[in-house]
Amino acid sequence: MNKSSKKDYEIRIDELIYKMTLAEKIGQVVQLSPSLFGAFGLTPDELIEKLVIGEISPEEFEKIDRNYHEDEIRQGLIGAMGGVIGAEKSNELQKIAVEESRLGIPILFGLDVIHGFRTVFPIPLAEACSWEPELMRETARIAAKEASAAGIHWTFAPMLDVSRDARWGRVAEGAGEDTFLASIIAASRVKGFQGEDLSSDESILACAKHYVAYGAPVGGRDYNTVDMSLQALHDIYLPPFEAAVQAGVATVMSAFNDINGVPCTTNKYLLTDVLRGMYGFDGFVVSDANSVAECAIHGYAEARKEASKKAIEAGLDMDMSKGTFAEDLPSQLEDGTISEEVLNEAVRRILRVKFKMGLFDNPYRTDKDKEEKVILCNEHLKVARDMARRSIVLLKNENEMLPLKKNLKKIAVVGPLADNGTDMLGTWAIVGRSEDVVTILSGIKEAVDSDTEVVYSKGCEIEGDKEEIKKTIEDASDSDVIIAVVGESSEMSGEAASRIDINLPGKQLELLKELHKTGKPLVVVLVNGRPLSIPWISENATAIVESWQLGVQSGNAIADVLFGDYNPSGKLVSTFPYSVGQVPIYYNHPMTGRPAGKIKFTSKYIDGPAEPLYPFGFGLSYTNFEYSNMSLSANKVTKDSKLKVSVDVKNTGKVQGEEIVQLYVYDVVASRVRPVKELKGFKKIMLKPGQLETVSIELDINTLGFHDENMNYVVEEGLFKIYVGPNSREGLEEEFYVI
Ligand code: NOJ
């Protein structure tokens, strides 16, 4: 089939817009979900919530009778739909749109495919801990292959919100606290979803969300207001979106929040001046769910109608909800309150994306056979296992307790997350199924010798007071080692899941304390969607394995690490605080006039440390690495040049291992106060025991700038310090001048 060429589709778009009625145009700027007819006595919203938290299985959900709006599709009134899953259903609806509607415009089917489709990968925060953008590109690619096989054209991912607040539940969905790393990962994920060719049957549209600064709500409370300087917005929160645009992202989702008093949904500066003007974005912008209507609740518009006008005039092209644009635009277009050219432009942007995707030429990109073949295939599971073990961060390993021998006599596996499939999937695993998950208990059983006894006891629930700690201690007290799997459930992170307290919930800490009293080595495996505050565990456990929520291959990946089939290499992308009272806490904070020191009147707390428990970039290995001989290719560099930074890294341990060599910079004197350290480069290397490698990282001097008060990006001359090391706290130091 001939793919539409660019020139060709621009003409066809003009022709279509000329022919379209107002109602057909409005149909293109609305994204509708199939409405559910009441089931289990619940409203559609309640049903979806139950599906997301796993109380209703996808199979049950599929059986619920729903309205797919076939008549409206036939009338050409629906341009995009969310939540239609499956090759057969999507093809059936597409057929109505393409063959039975007047203009035959194909529907765009969207879904939240956040970290895998049926092959659920680690949550994005975990994947980021691998510091392996290429692998993250591959997992996004696989997600695209599976989702497209199930009729999906468009994912609402990647989430690019930099966040420094562990209370915010959606840290699970992002790449952590650092802008530089998040920007690299943003580009990889976009390229993975969209592939080399957007019109390939295996590519889906990416959606850079939530534009912007949604990850910085006051108090860490989801949907809350965001108040920050424009400089911080441009230096910290916008760059991952710019990187996504440069990587060719086709769509962007506006955030729920306001920034400095203006909701993102109606923010002309952000949607038009910055996104399209400065960055050159040429796709379309969709609102977050119902966020146009919510501008009236914000009090930024007198009523929903005014919100619709403000949003579309600000540059928001598609409304993710049924009622708002659909009900509020027609009269305002008819009486001239909104110019039809504004609507035409939004329609044009949406149609352009449909053409670029090849949907007009190839509206049916899949069928039932393909769907069955692709989904959860062995090749995908292999990548899932590798990604999962590379996402794990070893936080403590006293007396080289790990890796464990496979021929121990007795292993006690305890904790509410040890034999648990659902909570390994993490947030937003809409299509994921707990029966696809290798639990940690089964991964361990599979890994050990056949005569090793593995006993399991739950100990307590994740939340609440129910416990059987006494019995668990009895079972565990004659074992060689206790592996305690504790943490959070899937629903404790993600959207609308902010926490006041980031300790282990329920009786889990009590369980660990009792287990510790047995005197047996205590290996704690953490399963969680955010950094937790774990000072007691850090002090008392023998080893700590931060495993996050690793998806369908959780148990195998964790067993690979516990028994040494994989030497852990992940490093934290979010700071671990001692206490929630330190939050927000992040390594790249601006220098203060009174940095924390011994004397009282410095920036610290009187009842706890100012330093974090585990810093950004931290993670151990089963071997050790020694850094020496740091050198720079020059001590004076010009703004447009590159500096070569070299360092010798040696594996001084007994096993081969990977190290993430990190490069940080500090601009010592500047016209604006600068962060004490900023990541500007990294390299992941593999070294055999005794092997030494001279690692070179090229530092682009152009990346050392910041935004001045007029939002100009400037790189200033003067002294810079530069650090190369294993994390943001340790490292060798040199200096250079930008001239
Ligand atoms: C609301 C969430 O904020 C957004 O991330 C998601 O893509 C939409 N709902 C659609 O489910």
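Residues take numbers from 1 onward in each chain, read along the sequence in its written order. The model is predicted, so local features are restricted to residues of pLDDT at least 70 and side-chain atom pairs to those at 80 or more, both for listing and for counting; the totals for chains, interfaces and linings are taken over all residues. For the side-chain quantities, the full set of heavy atoms in the structure was used; hydrogens and water were omitted.

A. Structural view of the pattern of salt bridges. Only one rule defines a salt bridge in this text: a Lys or Arg side-chain nitrogen within 4 Å of an Asp or Glu carboxyl oxygen. Per the counting criterion, the structure on display carries 48 salt bridges. When the shortest N-O distance is used, the salt bridge between D328 and R304 registers 2.8 Å. Taken as a pair, D328 in helix α15 (residues 324–334) and R304 in helix α14 (residues 304–314) lie far apart in primary sequence, 24 residues in all. Using a relative accessible area of 7% as the deciding quantity, one classes D328 as buried. We note a salt bridge from R499 to E488, for which the minimum N-O separation is 2.8 Å. Residue R499 is found in the loop between β16 (481–487) and α21 (508–517), and its partner E488 is found in the loop between β16 and α21; the two are separated by eleven residues along the sequence. Residues R499 and E488 agree in their burial class; the two are buried. A cluster of three or more residues bridged by salt bridges with shared partners is formed by E132, R385, D386, R389, R390, D560, E658 and K684. A run of H or I in DSSP counts as a helix once it spans at least four residues, and a run of E counts as a strand once it spans at least two, with each numbered from the N terminus. Remark: exposure states derive from per-residue accessible area (1.4 Å probe, protein chains only) relative to the maximum for the residue type, with buried under 20%, exposed over 50%, and partly exposed in between.

B. Expanded view of the nonpolar core. W154, Y211, V212, L515 and L562 are the most contacted members of the largest nonpolar core, which has 204 residues in total. Residue contacts follow a heavy-atom distance rule, with two residues in contact if any of their heavy atoms lie within 4.5 Å. With sequence-adjacent residues up to four places away left out, Y211 is seen in contact with L238, F241, V252, M253, S254, A255, C264, L270, L271, V274 and L275. Of all hydrophobic cores here, the second largest spans 25 residues; its members include V645, L699, L704 and F720. Residue types Ala, Val, Leu, Ile, Met, Phe, Trp, Tyr and Cys, when buried and joined through side-chain atoms within 4.5 Å, form a set referred to as a nonpolar core.

C. Up close: the domain arrangement of the protein chain. Where each domain starts and ends follows an automatic or database-derived domain assignment. Taken domain by domain, the protein chain comprises domain 1 (25–104), domain 2 (105–371), domain 3 (384–582) and domain 4 (625–738). Computed over C-alpha atoms only, the centres of domain 2 and domain 4 are separated by 32 Å. Taken residue by residue, the interface counts 14 residues in domain 2 and 15 residues in domain 4. Note: buried area is the sum, over both parts, of the accessible area (probe 1.4 Å) each one loses when the two are combined. Overall, the association of domain 2 and domain 4 removes approximately 1200 Å² of surface from exposure, summing both partners, and the carbon and sulfur fraction of that is 67%. At the surface where domain 2 touches domain 4, the tally comes to three salt bridges. Note that D235 and R674 form a salt bridge whose closest N and O atoms lie 4.0 Å from each other. The definition of a polar contact used here is a pair of N or O atoms within 3.5 Å, where within protein one atom must be able to donate a hydrogen and the other to accept one, and adjacent residues in sequence count solely through side-chain atom pairs. For the interface between domain 2 and domain 4, the tally reads four residue pairs in polar contact (both at pLDDT 80 or more). Looking at the side of domain 2 that touches domain 4, the elements that each hand over two or more residues are α9 (179–194) and α10 (230–237). The dominant element in the side of domain 2 that touches domain 4, judged by the number of residues it contributes, is α10, at four residues.

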